[in-house]
Amino acid sequence: MKIVAGNWKMFKTIEEAKAFFAELATTMPPQGDKVRVLVFPNYVALGALAEAHAVPDWVLLGAQDVAADAEGAFTGEVSPAMILSTRATHVLIGHSERRHVIGESADLLHRKLVNSLVASLIPVLCVGETLEERNASKMKEVVFGQLDTALADVRLSDGAQLIVAYEPVWAIGTGVNATNEQIEEAHRLIREHLKQLLGAAIGGFVAILYGGSVKPANFASIAGLPSVDGGLIGGASLKPVAFAELIAIAEQV
Ligand code: 13P
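Quick caveat: nothing in here was measured; it's all calculated off a predicted structure.

Caption draft 1: Examining the sheet that holds strand β1 (residues 2-7) more closely. Within the closed barrel, the eight strands sit side by side as β1-β2-β3-β4-β5-β6-β7-β8. Their pairing is parallel. Adjacent strand axes in the sheet meet at a mean angle of 25 degrees when their direction is disregarded. Its contacts with the sheet place helix α5 (residues 106-118) against β4 (88-93) and β5 (122-127), and it is angled at close to 165 degrees to β4.

Dropping the structure here:
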């Protein structure tokens, strides 16, 4: 099964989000259970979409962030229970823009991940190295460090409770996707490390997505790689036509 996940980042008002799904609903839904479709709108749109029943039932929803605590005096934060009170089932944790632009620490991301798991919200843990780190041959060290801190002392009963997304920072929004060889190497390393951290059975089951300049023109080649369980897509997920194309491609690989 392949996962096609759209991260809308800070785009789309409520009306724009509804219009997206109205158009997507006119396209062919994935047949059978070969493809799972996930969309991560902003919090405001997420609530409105759920209220209006505006999302086709073959699309799962997720939030782009979550608080590190269950409830309390944390101005501006949104808890797992609040996210689950919309139709959302998933949450992005540690996206590169939150690590590198907003400045979230590894410890904060660990607390967000544990807080989500406790609430049965499925974390999509994003990892990936910067260009400087890759050029210094530190991809493995950086990605393993991000997995180690986020998953410290985490025990899962089922590999479906977690998704990992490998998103090299230098490939995000740049138009330069990682090569198939770079993706295969990183995903193979991540798989081995997940097995060490979570046990062979569970670590072997966790889905690993690739993200970074995925578009219809390169998705068949990327999604067809044996180590790739799907894509986490930014820019190309914002247009219903392109997103529907990505879903159709995932059905065929
Ligand atoms: P782009 O697909 O726009 O490169 O963004 C990738 C991303 O950050 C998905 O989370």
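Continuing now.
Caption draft 2: Spatial organisation of the pattern of salt bridges. Tallied over the full model, the rule gives eight salt bridges. The salt bridge involving D65 is made with R98; its shortest N-O contact spans 3.3 Å. Placement of D65 in the loop between β3 (59-63) and α3 (80-84) and of R98 in helix α4 (residues 96-101) is noted, with a sequence separation of 33 residues between them. Take R98: its relative accessible area is 23%, and that puts it in the partly exposed class. One salt-bridge network, in which partners are shared between bridges, spans D65, R98, E104 and K112.

Caption draft 3: Up close: the packing of helix α10 (residues 216-223) against helix α11 (residues 240-252). Contact pair α10 / α11: the axes reach a minimum separation of 9 Å and the direction vectors enclose 25 degrees. On the basis of their axis angle, the class for α10 and α11 is roughly parallel. The way α10 lies across α11 gives a crossing that is right-handed. For the pair α10 and α11, the contacting residues are P216, F219 and A220 in the first and A242, E245, L246, I249 and A250 in the second. Among the residues making up the contact of α10 with α11, the classes are represented as seven nonpolar, no polar and one charged.

Caption draft 4: Summary view of the pairing of strand β7 (residues 207-211). Counting buried residues in β7 gives five out of five residues, a clear majority hidden from the surface. What you see with β7 is no split at all: A207, L209 and G211 on one side and I208 and Y210 on the other are buried throughout. In the sheet, strand β6 (residues 163-166) pairs with β7 via four bridges, with the strands oriented parallel. Paired with V164 across the strands is I208, a residue of β7. Sheet topology places β7 next to strand β8 (residues 230-233); two bridges connect them, and they run parallel. Pairing of G211 across the sheet is with L232, part of β8. Between the parallel elements β7 and β8, the chain passes through α10 in a crossover that is right-handed.

Cut-offs and rules
- Residues numbered from 1 in each chain as written.
- Predicted model: local features only at pLDDT ≥ 70, side-chain atom pairs only at ≥ 80, totals over all residues.
- Heavy atoms only, no water.
- Pairing = 2+ DSSP bridges.
- Helix = DSSP H or I, 4+ residues; strand = E, 2+ residues; numbered from the N terminus.
- Axes fitted to C-alpha atoms, helices over the stretch in contact; angles between N-to-C directions.
- Contact = heavy atoms within 4.5 Å.
- Salt bridge = Lys/Arg side-chain N within 4 Å of Asp/Glu carboxyl O.
- Buried < 20%, exposed > 50% of the residue type's maximum accessible area, 1.4 Å probe, protein only.
- Parallel < 35°, antiparallel > 145°, perpendicular 65-115°, else oblique.
- Left-handed = near helix turned anticlockwise from the far one by under 90°.
- Nonpolar A, V, L, I, M, F, W, Y, C, P; charged D, E, K, R; others polar.
- Right-handed = clockwise from strand over helix to strand, strands pointing away.

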